[in-house]
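Now for the letters of each chain:
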Amino acid sequence: MGGKLFRNVSFLSATLSFFILLGIFVILFHYAQDAMHTFGWDFLRIDQWEPGEDDEGGVFGGLIPIAGTLLTTLIAMVIAVPLSMGIAIFLTEIAHKNLVKPVGVAIELLAAIPSIIYGMWGLFYFAPIIQHTFGGNGVGLLTAGIVLAIMIIPFMAAITRDAMNTTPPVLKESAYAMGATTFEVVKDIVMPYAKGGIIGSIILALGRALGETMAVAFLIGSVFKFPSKITDPTTSIPVLLANNFSEAQDLELSSMYLLALLLFVVSFIIISLAKFYFLGRGVK
Amino acid sequence: MSTEALSPSNVMEAETKQKDVMRVENLTYTYPGAPKPSLHGINLPIRRNKITALIGPSGCGKSTLLRAMNRIHDLYPGNRYEGRILLSNPEETAMEDILELKKENDLIRLRQRVGMIFQKPTPFPMTIFENVAYGLKLSGMKNKSDIEERVVAALQGSAIWNETKDRLNDSAMGLSGGQQQRLCIARAVALKPEVLLFDEPTSALDPISTGAIEELISELKKEVSIAIVTHNMQQASRLSDYTAFMYIGDLIEYNKTSKIFLNPDQKLTEDYITGRFG
Ligand SMILES: Nc1ncnc2c1ncn2[C@@H]1O[C@H](COP(=O)(O)OP(=O)(O)OP(=O)(O)O)[C@@H](O)[C@H]1O
Ligand SMILES: [Mg+2]
């Protein structure tokens, strides 16, 4: 009786999450129709965002915000993945146990800071440093990417650490008992054992980086222009949506729905690919 | 060697060295942060090519003693060892005190010479082949065909070749518990250790797998010297040549297994063996 109820409730929750996903997709798809019919696949190639006279018609294309989103995310991941792994390995295998607790708590706290704070800190403190070191005018792809990396590192490191901590001590001991060094134990035992959790943390961080709005809005420059170098300002999908939503109408609004749909689909594809590619093969 | 090497006491000394592959002398061991030692002044020889069983009630320090013998304790800093643990060195006549080893490299070499099998099977997250090849690669072996030869020999020597020869490239996680345990033994055997330490290797296994492992262990003693912790009195009496009985951190009695089981000197030993406690 209790078991049946529990089964029904969990079945309901599971299907509900599926229907929410489907619902979001249908709504985005529906409102994006107008832009889809007007621009077709060219939407991906057009590098303009020009409303027409009297708010009628206009030309809207997704190239720049899509590129901006992918590039900032790429920069962030390239920086964040190795650093997060390093932090997690340090905390699980190397650090003295008196250090593990405080550093661990600090990282969890960092992961909980609202992104707007990272955005402000990045703009006022970090952007000048980037400007000084790499040139450009402070805000741009690189600044946004680096601050995005700083934002997702604590999050990724904390989950990776938790995954690595699930490696049974006796498994590590048996590798040491074969004459392995700490480095070899991490590489051959801990990383493969915690692979699922590590990939999971990367995927979640990736999703967060793709959709991050506030911090990036402060730092990317919000210029509708294709970047020619890494310090150039540009824009990203979430930033464009947040900046333009209140005034947009008709075709522009529909184009924004199309961008949102693309972001949704792209995140979905990246995450599924990562999941199937990494988790679906090799040693479990 | 000088002339005094011929004196009777030295000859005797040399003979026992020959007989003992390892000798624990006056070992007192304290865990990190523990107020009292968990082992008090243990003396125990490990005879060459014999099986030595360690028995005693739960918590008496059997695992602690075993884990001192390959210094696996040292993974967790803050231990205290007193006394000596001597290991015979094939190149020299003198035994060396493994408690004096300090460098990571020396500890790694020690652990390759004194292998360990744990209570629960611990296959590594790799294929069956890689599990056995792993230690060989760690020890610096590079040549593919040499490695392959040693892996096959180890799997054959550990009575698991027939079950694994068609699936060497499958994950080791897919083996049954008993097969995994034999794989772990093969993995240790591949390194050609001088001593193998078994900590209750069959307590997580069914009777048939247990039988297979026991047979394997008695087969292995031709090649290596063995110390085995067990809670199973039949296993100790069936398998071992010598038995040590431990009680709350002390070694109460050590002797030939037949003597310990038929006619122990100590009342405590007799009580334990006849199941009056523990
Ligand atoms: N990490 C540790 N820190 C402190 N004390 C420990 C630690 N591990 C074990 N001990 C203590 O050392 C003593 C011996 O433990 P040990 O695990 O060697 O017993 P055992 O004979 O192997 O028991 P069992 O048969 O249950 O495996 C016990 O009193 C135990 O509480
Ligand atoms: Mg034990």
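The structure we're discussing is the one just above.
Residues numbered from 1 in each chain as written. Chains lettered and ligands numbered in written order. Predicted model: local features only at pLDDT ≥ 70, side-chain atom pairs only at ≥ 80, totals over all residues. Heavy atoms only, no water.

### Observations concerning the overall build of chain B
Here is step 1: A tally of helices and strands in chain B yields 11 helices and 10 strands.
Here is step 2: Relative to the globule expectation of 19 Å for 278 residues, the C-alpha radius of gyration of chain B, 19 Å, shows essentially globular dimensions.
Here is step 3: The principal-axis extents of the C-alpha atoms in chain B amount to approximately 55 × 50 × 40 Å.
Here is step 4: Counting over 278 residues, chain B shows a buried share of 52%.
Here is step 5: Long-range contacts, defined as pairs at least 24 residues apart, comprise 65% of the intrachain contacts of chain B with a sequence gap of at least 6.
Here is step 6: Accessible area of chain B: about 13100 Å², with a carbon and sulfur share of 49%.
Here is step 7: Positive and negative side-chain charges of chain B, numbering 34 and 35 respectively, have mean locations separated by a distance of 1 Å. (Helix = DSSP H or I, 4+ residues; strand = E, 2+ residues; numbered from the N terminus. Rg over C-alpha atoms; globule rule 2.2 N^0.38 Å. Buried < 20%, exposed > 50% of the residue type's maximum accessible area, 1.4 Å probe, protein only. Contact = heavy atoms within 4.5 Å. Areas by Shrake-Rupley, 256 points an atom, 1.4 Å probe, with all protein chains shown as cover. Lys, Arg positive; Asp, Glu negative; His and termini not counted. Charge placed at Lys NZ, Arg CZ, Asp CG, Glu CD.)

### A closer look at the side chain of Thr64 of chain B
Residues and elements named next belong to chain B.
Here is step 1: Its location among the elements puts Thr64 in helix H2 (residues 62–69).
Here is step 2: The class for Thr64 is buried, based on a relative accessible area of 8%.
Here is step 3: Setting aside anything within four residues of it in sequence, one finds Thr64 in contact with Tyr29, Tyr31, Ser38, Leu39 and His73.

### Some remarks on the nonpolar core
All names here are of chain B.
Here is step 1: Counting residues in hydrophobic clusters, the biggest one holds 100 residues, and the most contacted among them are Met22, Leu27, Leu44, Leu65 and Leu155.
Here is step 2: Apart from the residues within four sequence positions on either side, Met22 is in contact with Leu44, Pro45, Ile46, Met69, Ile85, Leu86, Leu87, Met95, Ile98, Val114 and Val195.
Here is step 3: Core analysis: the second largest hydrophobic core is formed by 25 residues, Leu220, Ile226, Met233 and Ala236 among them. (Core = buried A, V, L, I, M, F, W, Y, C linked by side-chain atoms within 4.5 Å.)

### Side note on the environment of Thr243 of chain B
All names here are of chain B.
Here is step 1: Along the chain, the position of Thr243 falls in strand E9 (residues 242–247).
Here is step 2: By relative accessible area, which is 0% here, Thr243 ends up buried.
Here is step 3: Along the primary structure Thr243 and Phe261 are separated by 18 residues, whereas in three dimensions their C-alpha atoms are 8.7 Å apart.
Here is step 4: In this structure the side chain of Thr243 is engaged in a polar contact, spanning 2.9 Å, whose partner is the side chain of Thr257. (Polar contact = N/O pair within 3.5 Å; in protein donor to acceptor, adjacent residues only side chain to side chain.)

### Concerning the packing of helix H3 (residues 63–94) of chain A against helix H9 (residues 195–211) of chain A
Residue and element names in this part refer to chain A.
Here is step 1: Two elements in contact, H3 and H9, have axes separated by 10 Å at closest approach and are oriented at 145 degrees. The interaxial crossing formed by H3 with H9 has right-handed handedness. Where H3 abuts H9, its residues Thr69, Leu70, Thr73, Met77, Val81 and Met85 lie against Ile198, Ile202, Leu206, Ala209 and Leu210.
Here is step 2: Along the lines of polarity and charge, the residues of the contact of H3 with H9 split into 9 nonpolar, 2 polar and no charged. (Axes fitted to C-alpha atoms, helices over the stretch in contact; angles between N-to-C directions. Left-handed = near helix turned anticlockwise from the far one by under 90°. Nonpolar A, V, L, I, M, F, W, Y, C, P; charged D, E, K, R; others polar.)

### A look at a nonpolar patch on the surface
Here is step 1: Together, Phe18, Phe19, Leu22, Phe25, Val26 and Phe29 of chain A line one region of the surface with nonpolar side chains, adding up to about 570 Å² of accessible area.
Here is step 2: In this fold, Phe19 of chain A is placed in helix H1 (residues 2–31). (Patch = residues over 30% accessible without salt bridge, like charges linked within 9 Å, V, L, I, M, F, W, Y side chains within 5 Å. Salt bridge = Lys/Arg side-chain N within 4 Å of Asp/Glu carboxyl O.)

### Focus: the site of ligand 1
Residues and elements named next belong to chain B.
Here is step 1: Near ligand 1, the surroundings consist of Tyr31, Ser38, Ser58, Gly59, Cys60, Gly61, Lys62, Ser63, Thr64, Glu200 and His231.
Here is step 2: At 2.6 Å from an oxygen atom of ligand 1 is found a side-chain nitrogen or oxygen belonging to His231.
Here is step 3: Taken together, the residues of the shell around ligand 1 sort by class into 2 nonpolar, 7 polar and 2 charged. (Near = heavy atom within 4 Å.)

### Topic: the sheet that holds strand E4 (residues 80–88) of chain B
Residue and element names in this part refer to chain B.
Here is step 1: Spatial ordering of the open sheet is given by E2-E1-E4-E5, a layout of 4 strands whose pairing is antiparallel. The open sheet has two edge strands, strand E2 (39–47) and strand E5 (95–97), and neither has a second partner. Taken over all neighbouring pairs, the strand axes of this sheet differ in orientation by 10 degrees on average, direction set aside.
Here is step 2: Summarising the sheet, E4 and E5 pair through 3 bridges and their orientation is antiparallel. Residue pairing in the sheet places Ser88 in a bridge with Met95 of E5.
Here is step 3: Running at roughly 120 degrees to strand E1 (residues 20–30), H2 makes contact with E1, E2 and E4 of the sheet. (Pairing = 2+ DSSP bridges.)

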